[in-house]
Amino acid sequence: MESGREIIVRLTGGRRVEAELNGHHVLTDQPQSNGGEDTAPSPFQVFLASLGTCAGIFVQGFCAKRGIPYKDIRLIERPTYGSTGALESVEFELQLPPDFPANYQQALLRVVDQCSVKRVIESPPTFTSRVSQTLAGDGRHGAV
């Protein structure tokens, strides 16, 4: 798992929000139908992408460890939503090239299930929120 470093989130204008983590920037926006400009994925789309990319990293690692070419493997993620719009399920389909070793196919499915993001969802952390205010002039924060 990644370390517990801070992620700094900035409201950058319109409906755009940026997260900075370990020197990387993740940009999000809302679709036009939700008041945004659709210049980047929505936060929920980034969440869904984290599931697929995490599974992809696990698949890539499995194949690399065994010397199996992985560039032609595709992982298709299909979220399903209920009548209220809530996410109900997520299906992953592994599209393997014809020459992928048959004896590794079931193991590869088990590897997808080991994705760290998926495991966190299955055993969710607790969430807390608090307010602080920037102290005048020095950029430090104090609890409110």
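Source: prediction; values computed, not measured.

Parameters and conventions
Residues numbered from 1 in each chain as written. Predicted model: local features only at pLDDT ≥ 70, side-chain atom pairs only at ≥ 80, totals over all residues. Heavy atoms only, no water. Core = buried A, V, L, I, M, F, W, Y, C linked by side-chain atoms within 4.5 Å. Buried < 20%, exposed > 50% of the residue type's maximum accessible area, 1.4 Å probe, protein only. Helix = DSSP H or I, 4+ residues; strand = E, 2+ residues; numbered from the N terminus. Contact = heavy atoms within 4.5 Å. Pairing = 2+ DSSP bridges. pLDDT = per-residue confidence, 0-100. Axes fitted to C-alpha atoms, helices over the stretch in contact; angles between N-to-C directions. Patch = residues over 30% accessible without salt bridge, like charges linked within 9 Å, V, L, I, M, F, W, Y side chains within 5 Å. Areas by Shrake-Rupley, 256 points an atom, 1.4 Å probe, with all protein chains shown as cover. Salt bridge = Lys/Arg side-chain N within 4 Å of Asp/Glu carboxyl O. Polar contact = N/O pair within 3.5 Å; in protein donor to acceptor, adjacent residues only side chain to side chain. Phe/Tyr/Trp six-rings, centres within 6.5 Å; stacked < 30°, edge-to-face > 60°.

**Structural notes on the nonpolar core**
Phase 1: The biggest cluster of nonpolar side chains holds 14 residues, and the ones touching the most others in it are Val59, Phe62, Cys63, Ile73, Leu94, Phe100 and Leu108.
Phase 2: Elements that contribute at least two residues to this core include exactly helix 1 (43–66) and helix 2 (105–112).
Phase 3: Per-element tally for this core: the top contributor is helix 1, with 5 residues.
Phase 4: The contact partners of Phe62, leaving out residues within four places of it in the chain, are Tyr104, Ala107, Leu108 and Val111.

**Some details on the pairing of strand 2 (residues 16–21)**
Phase 1: Inspection of the sheet shows strand 1 (residues 8–13) paired to strand 2 by 5 bridges, in the antiparallel sense. When the bridges of strand 2 are listed, Ile8 appears paired with Glu20.
Phase 2: Hairpin connection from strand 1 to strand 2: 2 residues lie between these consecutive antiparallel strands, with Gly14 at a positive phi of about 60 degrees.
Phase 3: When strand 2 meets strand 3 (residues 24–28), the two strands line up antiparallel, connected through 5 bridges. Bridged to Glu18 within strand 3 is Leu27.
Phase 4: Connecting strand 2 to the antiparallel partner strand 3 that follows it, the hairpin turn spans 2 residues, and Asn22 within it adopts a positive phi of roughly 50 degrees.

**Quick notes on the confidence of the model for the protein**
Phase 1: Looking at the protein, the pLDDT average stands at 93 and 92% of residues meet or exceed 70.
Phase 2: Of all the helices and strands in the protein, strand 7 (residues 141–143) carries the lowest mean pLDDT, 61, while strand 4 (residues 74–81) carries the highest, 98.

**So, the sheet that holds strand 2**
Phase 1: If you trace the 3 strands from one edge of the open sheet to the other, you get 1-2-3, paired in antiparallel fashion. In this open sheet, the two edge strands, each paired with only one partner strand, are strand 1 and strand 3. In this sheet, neighbouring strand axes are inclined to one another by 25 degrees on average, regardless of whether the strands run parallel or antiparallel.

**Focus on a nonpolar patch on the surface**
Phase 1: A cluster of nonpolar side chains, Phe44, Tyr81, Leu87 and Val90, forms an exposed patch at the surface whose accessible area comes to about 310 Å².
Phase 2: Among the structural elements, Tyr81 can be located in strand 4.

**As for the side chain of Ser42**
Phase 1: Note that Ser42 resides in the loop between strand 3 and helix 1.
Phase 2: Residue classification places Ser42 among the buried positions, given a relative accessible area of 11%.
Phase 3: Non-local contacts of Ser42, meaning those with residues more than four positions away in its chain, are made with Thr28, Asp29 and Gln30.

**Concerning the environment of Gln45**
Phase 1: For Gln45, the location among the structural elements is in helix 1.
Phase 2: Spatially, the C-alpha atom of Gln45 lies 17 Å from that of Gly82, the residues being 37 residues apart in sequence.
Phase 3: Of the polar contacts made by the side chain of Gln45, one reaches the backbone nitrogen of Ser42; its length is 2.7 Å.

**Here's the deal with the packing of aromatic side chains**
Phase 1: According to the stated counting rule, one finds 2 aromatic pairs in the structure shown.
Phase 2: Relative to Phe47, the ring of Phe44 lies with its centre 5.4 Å away and its plane at 45 degrees, an arrangement referred to as tilted. One end of the pair is Phe44 and the other is Phe47, both in helix 1 and 3 residues apart, which spans about a single turn.
Phase 3: When the ring of Phe62 is compared with that of Tyr104, the centres are 5.7 Å apart and the planes differ by 85 degrees; the resulting orientation is edge-to-face.

**Quick word on the pattern of salt bridges**
Phase 1: Summed over the entire model, instances satisfying the criterion amount to 6 salt bridges.
Phase 2: Between Arg16 and Glu37 there is a salt bridge; the shortest N-O distance is 3.2 Å. Here Glu37 lies in the loop between strand 3 and helix 1 and Arg16 lies in strand 2, a separation of 21 residues in the sequence.
Phase 3: The partner of Arg78 in a salt bridge is Glu91, with the nearest N and O atoms 3.2 Å apart. Of the two residues, Arg78 is situated in strand 4 and Glu91 in strand 5 (residues 87–95); the sequence distance between them amounts to 13 residues.
Phase 4: Judged by its relative accessible area of 43%, Glu91 falls in the partly exposed class.
Phase 5: Bridged by salt links that share partners, the residues Arg78, Glu91 and Glu93 form one connected network.

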